[in-house]
Amino acid sequence: MRFRLRNTKDPSLTLGLTSSSWFGILTLAEEFGWNPMGAVPLGNQEETMILAGLGSPQFRDSAGEYGSDEGSFVLLEDALNLADALERAVLNYEPQYIPSLQYYTMFGDYNGSSGLKPGLGAIQGVIEICYLGMFKIENF
C-alpha cells in the first residue's frame, strides 16, 4: 500500500510515501513525543465544516486512523505537533549503513520487515507538508 499526503488548501501540494515509510515516520514521531490526536475519517458529514474551519470534530480519540483504507484528515494542531516531533527526531537521527549487496533488494521490501528506517528526505517531506497546514491521507 502507498499513501499520498495532500494539502487541503492547495491540493497540488502532495507527497507520496510507501506504507513502510509512512508508518515508520509515525512510529518515529511517537518515539520523540508526538501524541496523536486522531485523524478525521474522509467522507463523513462534517468534512465540509472541517475544511471551512467551522466544525470541531468528535474524532480526537480515534488515533490509529492515519493509515485507513478510506483515507483521513490530519488537523492543523496534530500536523504541527507531528512536525515538531519529527524535527526532534531528525536532530537525533543516525544514518543506517546499508551494504552494497542489499542495495538492490531494499527497493522490493515495502512491508517493513527489513528493519530499514525511513529516509531523511521522506521525513523532511512530511515535516514540510505538516507546516503547510491540515492535510489528507489518501491511498493510491
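Residues numbered from 1 in each chain as written. Predicted model: local features only at pLDDT ≥ 70, side-chain atom pairs only at ≥ 80, totals over all residues. Heavy atoms only, no water.

(A) Representation of the overall build of the chain within the structure. The helix and strand tally for the chain stands at four helices and five strands. Of all intrachain contacts in the chain linking residues separated by at least 6 positions in sequence, the fraction that spans at least 24 positions is 73%. Summed over all atoms, the accessible surface of the chain reaches about 8100 Å², with 53% contributed by carbon and sulfur. (Helix = DSSP H or I, 4+ residues; strand = E, 2+ residues; numbered from the N terminus. Contact = heavy atoms within 4.5 Å. Areas by Shrake-Rupley, 256 points an atom, 1.4 Å probe, with all protein chains shown as cover.)

(B) Structural context of the packing of aromatic side chains. All chains considered together, the criterion is met by two aromatic pairs. Note on Phe3 and Phe23: the rings are 5.5 Å apart at their centroids and 85° apart in plane angle, and the pair reads as edge-to-face. Of this pair, Phe3 sits in strand β1 (residues 2-7) while Phe23 sits in helix α1 (residues 19-31), and the two are 20 residues apart along the sequence. On the accessibility criterion, Phe3 (0% relative accessible area) is buried. A residue is classified by how much of its surface remains accessible, and Phe23, at 37% relative accessible area, is partly exposed. On the basis of an interplanar angle of 70° and a centroid distance of 5.3 Å, the ring pair of Trp34 and Tyr66 is categorised as edge-to-face. Here the residue Trp34 occupies a position in the loop between α1 and β3 (40-41), and Tyr66 occupies one in the loop between α2 (47-52) and β4 (72-74), the gap between them amounting to 32 residues. (Phe/Tyr/Trp six-rings, centres within 6.5 Å; stacked < 30°, edge-to-face > 60°. Buried < 20%, exposed > 50% of the residue type's maximum accessible area, 1.4 Å probe, protein only.)

(C) Examining the packing of α1 against helix α4 (residues 120-131) more closely. Where α1 meets α4, the closest approach of the two axes is 11 Å, and the angle between their N-to-C directions is 75°. Taken together, the axes of α1 and α4 lie roughly perpendicular to each other. Along the contact surface, α1 presents Trp22, Ile25 and Leu28, while α4 presents Ala122, Ile123 and Val126. Tallied by class, residues from the contact of α1 with α4 come to six nonpolar, no polar and no charged. (Axes fitted to C-alpha atoms, helices over the stretch in contact; angles between N-to-C directions. Parallel < 35°, antiparallel > 145°, perpendicular 65-115°, else oblique. Nonpolar A, V, L, I, M, F, W, Y, C, P; charged D, E, K, R; others polar.)

(D) Local environment of the side chain of Ser72. Tracing the sequence through the fold places Ser72 in strand β4. With sequence-adjacent residues up to four places away left out, Ser72 is seen in contact with Ala39, Val40, Pro41, Leu42, Glu65, Tyr66, Phe135, Lys136 and Ile137.

(E) Structural detail: a nonpolar patch on the surface. On the surface, Leu76, Leu80 and Tyr131 cluster together into a nonpolar patch covering about 250 Å² of accessible area. Examined against the element boundaries, Tyr131 turns out to sit in helix α4. (Patch = residues over 30% accessible without salt bridge, like charges linked within 9 Å, V, L, I, M, F, W, Y side chains within 5 Å. Salt bridge = Lys/Arg side-chain N within 4 Å of Asp/Glu carboxyl O.)

(F) Up close: helix α3 (residues 76-91). End to end, α3 covers 23 Å across 16 residues, agreeing with the expected 22 Å (1.5 Å per residue, within 8%). For α3, the set of buried residues is Asp78, Ala79, Leu82, Ala83, Ala85, Leu86 and Ala89. Of the surrounding secondary structure, the elements contacted by the buried residues of α3 are α1, β4, α4 and β5 (135-139). (Expected span 1.5 Å × (residues − 1).)

(G) Molecular detail of the sheet that holds β1. Pairing is antiparallel in the open sheet, where five strands are placed in the order β2-β1-β5-β4-β3. Strands at the two margins of the open sheet, each flanked by one partner only, are β2 (14-18) and β3. Sheet analysis places β1 next to β2, joined by five bridges and oriented antiparallel. In the sheet register, Phe3 faces β2, and the bridge partner there is Leu17. Packed onto the sheet, α1 meets β1, β2 and β5 and runs at close to 100° relative to β2. In this fold α4 packs onto β1, β2 and β5, with an angle of close to 140° to the strand it touches most, β2. (Pairing = 2+ DSSP bridges.)

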